[in-house]
Amino acid sequence: IASQMSRIMRPDDANVAGNVHGGTILKMIEEAGAIISTRHCNSQNGERCVAALARVERTDFLSPMCIGEVAHVSAEITYTSKHSVEVQVNVMSENILTGTKKLTNKATLWYVPLSLKNVDKVLEVPPVVYSRQEQEEEGRKRYEAQKLERMETKWRNGDIVQPVPNPEPNTVSYSQSSLIHLVGPSDCTLHGFVHGGVTMKLMDEVAGIVAARHCKTNIVTASVDAINFHDKIRKGCVITISGRMTFTSNKSMEIEVLVDADPVVDNSQKRYRAASAFFTYVSLSQEGKSLPVPQLVPETEDEKKRFEEGKGRYLQMKAKRQGQAEPQP
Amino acid sequence: IASQMSRIMRPDDANVAGNVHGGTILKMIEEAGAIISTRHCNSQNGERCVAALARVERTDFLSPMCIGEVAHVSAEITYTSKHSVEVQVNVMSENILTGTKKLTNKATLWYVPLSLKNVDKVLEVPPVVYSRQEQEEEGRKRYEAQKLERMETKWRNGDIVQPVPNPEPNTVSYSQSSLIHLVGPSDCTLHGFVHGGVTMKLMDEVAGIVAARHCKTNIVTASVDAINFHDKIRKGCVITISGRMTFTSNKSMEIEVLVDADPVVDNSQKRYRAASAFFTYVSLSQEGKSLPVPQLVPETEDEKKRFEEGKGRYLQMKAKRQGQAEPQP
Amino acid sequence: IASQMSRIMRPDDANVAGNVHGGTILKMIEEAGAIISTRHCNSQNGERCVAALARVERTDFLSPMCIGEVAHVSAEITYTSKHSVEVQVNVMSENILTGTKKLTNKATLWYVPLSLKNVDKVLEVPPVVYSRQEQEEEGRKRYEAQKLERMETKWRNGDIVQPVPNPEPNTVSYSQSSLIHLVGPSDCTLHGFVHGGVTMKLMDEVAGIVAARHCKTNIVTASVDAINFHDKIRKGCVITISGRMTFTSNKSMEIEVLVDADPVVDNSQKRYRAASAFFTYVSLSQEGKSLPVPQLVPETEDEKKRFEEGKGRYLQMKAKRQGQAEPQP
């Protein structure tokens, strides 16, 4: 009932100082847990299922892991209730050049088997065989304790970190979205600044989320305005990509996207504007035809001004296209 | 002076409906442009350089590309000024099952060669050889036009989409951060909901950005409180992961992370809380020793209440640790 | 009938010393091969199909590739039998700063067209047009030779790599390693089985960990023996990739890699051997010169037998190389 996996730590798994992100380790822990609990829950004939994560107990990071080290993740099923599986996962870091091994984490995860036919249906878990008699009793206690805590937290944490509370549909605030991205090695050239293409991909991603939030359909990029890269973005920056809808025509949406870079680990440098552009999106039906889009409702003076400017760009582009389509004298 | 690259489009390159993201295509366009212009700028003996993207002209997406199709990206240098290179990139989609090919994009990009020894120094570009005489004159006109436009936009778009204007250092507002993430195929199980490990990795990423913004040093995860997964997150959702600092001790920071899921393409379902947890981070010196952290300044009543709650958790954990360290009677 | 693709090598493609992983190159080779053979097999009207990798011939890594270089992969169809396609792929590395180009690899791959409607049905391959008459006869000989070898390997390699507690340095148990990988959507073709290139990349990763553990230096892939893909790996499997050192010469290490697939959610299907191959690694000094490697100490009877078999392959390959180097009469 044990499972073992190993993976070498890469530059993208770590921060600029070479320490592996806690999140990378948590992701491996969960993968090992999902494999062993899915395998266990399917070990008897019966309805096929997949194990879904329900809870992770408090986890301490006992020693840092570095790029080039191998992470060994071992998982074991330590308790089963009627509808849940407890998995204990240990993580060791191994320096394969020196042979040094260190315990990095011990984690406890709870999984619930969901039917493959109907993922809202929870199936029964085959009982695990314990090697010592007390194990079942100890497990039951942990099970009861976590159940109690889950109940409590479900009703905590009501509030949401958000600028505008409950904006109205079709307003700028309703669909406005920001994405932060910590620049990693694979985003950068060898010389330590971000590839222009990486920035553009993130800009399109934010624009797409704004468009999808506004019209709640399948949306695709129709065009991108000229994009100017005002300044290089260096390794170790956090970039904030913000998008807001500026204008809608009958069948298109214009979204302004701003990119700001924040050199978090360098106190001397200030946040600066790195790039900006306007993206145009259209909404598509299942047959690939363009659909009408809900009209944007600008509220503030700034929003109204930006709407008019967007309309100007739209009409200018429309005139240009018609001009091109007509035969030249 | 032409360059050609091809790549098959995978589920991760596309949205839920199978249409390749505009951003994926923009990224390939820029990669082709960077290769051809870097190669050109190093084609004569002299200082080695790398071509940095300065501007992308307006780009239209002429026809959608789908998963399974092969994207063919071809790039050509069409003009050089003293310090910049214009690259024209065409993208074709090929359905390798039917053989159908379609023009997807025509893009024009401007690159500037930066010295490898000093990336703030712009080098000279070797002149390109034109096949027709008029090409140089036409290129110069495009060069002048874009130069003018760049100047204009540099001073536009001053404002930033942000909740709180200019917060003070060490406040909650100063470091508070949100990340939006569009759930893609590789985030999901085969059954269409997000791996718990993916969610935890994003939670840690936001917590890390909050901690880095607060103390501007190398920070690492020290522990994660119990995480409860209240509800599954399905494919096609946009998830918002928000982090805010709740408490600081002398050498640690507690960050609360909330995960909200927004089923953007499904109007009937409302945004819901999917998970939440407290992360503890410490700041490390270059030698790996833990450093003191700047003290958090709670401002609002809610912030003060959360600070006290965080202090409670901190003292409780400290007592627990000291209890464990002492010999049992 | 030629296809060309290029990609710049990023930090994630390489090890800590900046050498691109052999597995990254194998993955690009397979992608180019899959595109050209799928296109060819669909070039006539008839049932639509996808080309699945069946075998890769022995591949040598002629010179190392580094981060920042551009890999150019070109593929060409060199032979077709009734049910299979032979593709020849060449890889060149280009340093775009200095303009230096080097041949990195020549590889030969065999593909089989599977029906899109029923992926267990093999379709017929349209005949390729040869530019020289002898090409068909030469191809037929290669086809017959590989067919014979495939038959043989299908029944070899029955056993599974199992952990030993506290092994001595330089033994097989000391460096032996296993990696498990949960097949995700981005590893798969649209038709739900794993890309051959993904499997090869994982195989090289395990072989690299075994080699690094054994000799504790910067190691690179020198060659890969023929790889046979005995069976498709389907979506939802967990694959175990195990590597063990079989033989060392003065300056090279041979590692056997076995791939086993385990359909965790489907109890009716048993774990099966999906692929196997021998990788040869060398150890490099900081100046890129090959270093002596610690000699492997085989302990059990099986290990001694495998060592002798490895020695046989090594001497045979050495003789072959010397034969090629000598002038032909």
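Residues numbered from 1 in each chain as written. Chains lettered and ligands numbered in written order. Predicted model: local features only at pLDDT ≥ 70, side-chain atom pairs only at ≥ 80, totals over all residues. Heavy atoms only, no water.

Chemist: I'm lost on the overall build of chain A in this one. Help?
Modeler: A count of helical and extended segments in chain A gives five helices and 13 strands. Over its C-alpha trace chain A gives a radius of gyration of 26 Å, far above what one expects of a compact globule, namely 20 Å for 329 residues. Taken along its principal axes, the extent of the C-alpha atoms in chain A is 90 × 50 × 40 Å. Looking at chain A residue by residue over its 329 residues, the buried ones come to 54%. (Helix = DSSP H or I, 4+ residues; strand = E, 2+ residues; numbered from the N terminus. Rg over C-alpha atoms; globule rule 2.2 N^0.38 Å. Buried < 20%, exposed > 50% of the residue type's maximum accessible area, 1.4 Å probe, protein only.)

Chemist: What am I meant to see in the interface of chain A and chain B here?
Modeler: The extent of an interface is frequently quoted as the accessible surface area lost upon association of the parts. With 94 residues of chain A at the interface, the matching set in chain B holds 93 residues. Buried surface at the junction of chain A and chain B, summed over both partners, amounts to about 8,100 Å²; 55% is from carbon and sulfur atoms. Put simply, chain A and chain B have nine salt bridges between them. Of the charged contacts in the structure, one is a salt bridge between Asp262(B) and Arg213(A), with a shortest N-O distance of 3.3 Å. Put simply, chain A and chain B have 28 residue pairs in polar contact (both at pLDDT 80 or more) between them. Looking at the side of chain A that touches chain B element by element, the count peaks at 10 residues for helix 4 (residues 196-215) of chain A. Each residue belonging to the side of chain A that touches chain B can be placed in one class, and the counts come to 37 nonpolar, 28 polar and 29 charged. (Contact = heavy atoms within 4.5 Å. Buried area = accessible area lost by both parts, 1.4 Å probe. Salt bridge = Lys/Arg side-chain N within 4 Å of Asp/Glu carboxyl O. Polar contact = N/O pair within 3.5 Å; in protein donor to acceptor, adjacent residues only side chain to side chain. Nonpolar A, V, L, I, M, F, W, Y, C, P; charged D, E, K, R; others polar.)

Chemist: Help me understand the confidence of the model for chain A in this model?
Modeler: Fine structural detail should not be taken from predicted coordinates in areas where pLDDT scores are low. Residue and element names in this part refer to chain A. Looking at chain A as a whole, its pLDDT mean stands at 86, while 92% of the residues score no less than 70. Mean pLDDT in chain A bottoms out at strand 1 (residues 2-8), which sits at 76, and peaks at strand 5 (residues 85-94), which reaches 94. With pTM at 0.81, the complex prediction returns an ipTM value of 0.82. (pLDDT = per-residue confidence, 0-100.)

Chemist: Would you explain the pairing of strand 10 (residues 238-248) of chain A in this entry?
Modeler: Working note: regular strand, side chains alternate between the two faces of the sheet. All names here are of chain A. Counting buried residues along strand 10, 11 of its 11 residues qualify, which places the element largely inside the surrounding structure. For strand 7 (residues 177-182) and strand 10, the ladder comprises six bridges, and the chain directions are antiparallel. Bridge pairing in strand 10 places Ile-180 opposite Thr-240. Bridge analysis of strand 10 against strand 11 (residues 253-262) gives 10 bridges, and the strand direction is antiparallel. When the sheet's bridge partners are listed, Thr-248 is paired in strand 11 with Met-253. Where strand 10 hands over to strand 11, the hairpin turn is made up of four residues, counted between the paired strands. (Pairing = 2+ DSSP bridges.)

Chemist: Teacher, can you tell me more about the nonpolar core here?
Modeler: What tends to happen in soluble globular proteins is that the nonpolar side chains get buried as a cluster. Counting 83 residues, the largest nonpolar core has Ile227(B), Ile233(B), Ile241(B), Met253(B), Ile255(B) and Phe279(B) as the members making the most contacts within it. In terms of residues, this core owes the most to one element, helix 4 (residues 196-215) of chain B, which gives 11 residues. If we skip the residues at most four places from it in the chain, Ile255(B) touches Ala207(B), Val210(B), Ala211(B), Gly243(B), Arg244(B), Met245(B), Thr246(B), Ala277(B), Phe278(B), Phe279(B) and Tyr281(B). Formed by 78 residues, the second largest nonpolar core is a distinct cluster that contains Ala207(A), Met245(A), Leu109(B) and Leu123(B). (Core = buried A, V, L, I, M, F, W, Y, C linked by side-chain atoms within 4.5 Å.)

Chemist: Please clarify how the environment of Val128(C) should be interpreted in this entry.
Modeler: Residues and elements named next belong to chain C. Tracing the backbone through its elements, the reader meets Val-128 in the loop between strand 6 (101-115) and helix 2 (134-154). Accessibility expressed as a relative area gives 8% for Val-128, which makes it buried. Each C-alpha atom, one on Val-128 and one on Cys-41, is 9.9 Å from the other, the two residues being 87 residues apart in sequence.

Chemist: For this particular structure, what's the right way to read the interface of chain B and chain C?
Modeler: Taken residue by residue, the interface counts 30 residues in chain B and 28 residues in chain C. Both faces considered, chain B and chain C share a buried interface measuring about 2,500 Å² in area, 62% of it formed by carbon and sulfur atoms. At the junction of chain B and chain C, the tally comes to four salt bridges. Linking Glu31(C) and Arg10(B) is a salt bridge whose minimum nitrogen-to-oxygen distance equals 3.0 Å. Where chain B touches chain C, the interface holds 10 residue pairs in polar contact (both at pLDDT 80 or more). Within the residue set of the side of chain B that touches chain C, elements represented by two or more residues are strand 1 (2-8), helix 1 (22-41) and strand 4 (70-80) of chain B. In the side of chain B that touches chain C, the residues fall into 13 nonpolar, nine polar and eight charged.

Chemist: Just to check I follow, could you spell out the relation of the copies chain A and chain B for this structure?
Modeler: Two copies of the chain are present, and they differ by a rotation about an axis and a shift along that axis. Turning chain A through 180 degrees and shifting it by 0.0 Å along the axis lays it on chain B, with an RMSD of 0.2 Å. The superposition of one copy onto the other is thereby described by a two-fold rotation axis. (Least-squares fit on C-alpha atoms with pLDDT ≥ 70 in both.)

Chemist: Is there a simple way to think about unusual backbone geometry in this case?
Modeler: Working note: non-glycine residues mostly have negative phi, and peptide bonds are mostly trans. For Asn170(B), which is not a glycine, the phi torsion comes out positive at approximately 70 degrees. Looking at where Asn170(B) falls in the secondary structure, it is placed in the loop between helix 2 (134-154) and helix 3 (172-175). The phi torsion at Lys216(C) lies on the positive side, around 55 degrees, for a residue other than glycine. One can find Lys216(C) in the loop between helix 4 (196-215) and strand 8 (218-224). Taking relative accessible area as the criterion, Lys216(C) reaches 30% and is therefore assigned partly exposed.

Chemist: I tried to follow the UniProt feature "active site" (unreviewed entry) in chain A on my own but got confused; where do I start?
Modeler: Here the UniProt-annotated "active site" (unreviewed entry) positions come out as Asn15(A) and Asp204(A). Considering the C-alpha atoms alone, the annotated residues occupy 190 residues of sequence and remain spread out, their largest mutual distance being 25.1 Å. Among the secondary structure elements, Asn15(A) is positioned in the loop between strand 1 and helix 1 (22-41). In this structure, Asn15(A) is in contact with His21(A), Asn218(B) and Ile219(B), ignoring residues within four places of it in sequence. Along the chain, Asp204(A) falls in helix 4. (UniProt positions renumbered as here; feature names shortened; annotations may be inferred.)

Chemist: How should the pattern of salt bridges be read in this particular structure?
Modeler: A side chain with one charge can pair with a side chain of the opposite charge if their charged atoms come near. All told, the structure shown has 59 salt bridges over all chains when counted by the stated rule. Linking Asp120(C) and Arg234(C) is a salt bridge whose minimum nitrogen-to-oxygen distance equals 3.2 Å. Remark: Arg234(C) occurs in the loop between strand 9 (227-229) and strand 10 (238-248) and Asp120(C) occurs in the loop between strand 6 and helix 2; sequence separation between them is 114 residues. Arg234(C) gets classed as partly exposed once you look at its relative accessible area, which sits at 34%. Each of Asp225(A), Arg321(A), Arg58(B) and Asp60(B) takes part in salt bridges that share partners, so that together they form one network.

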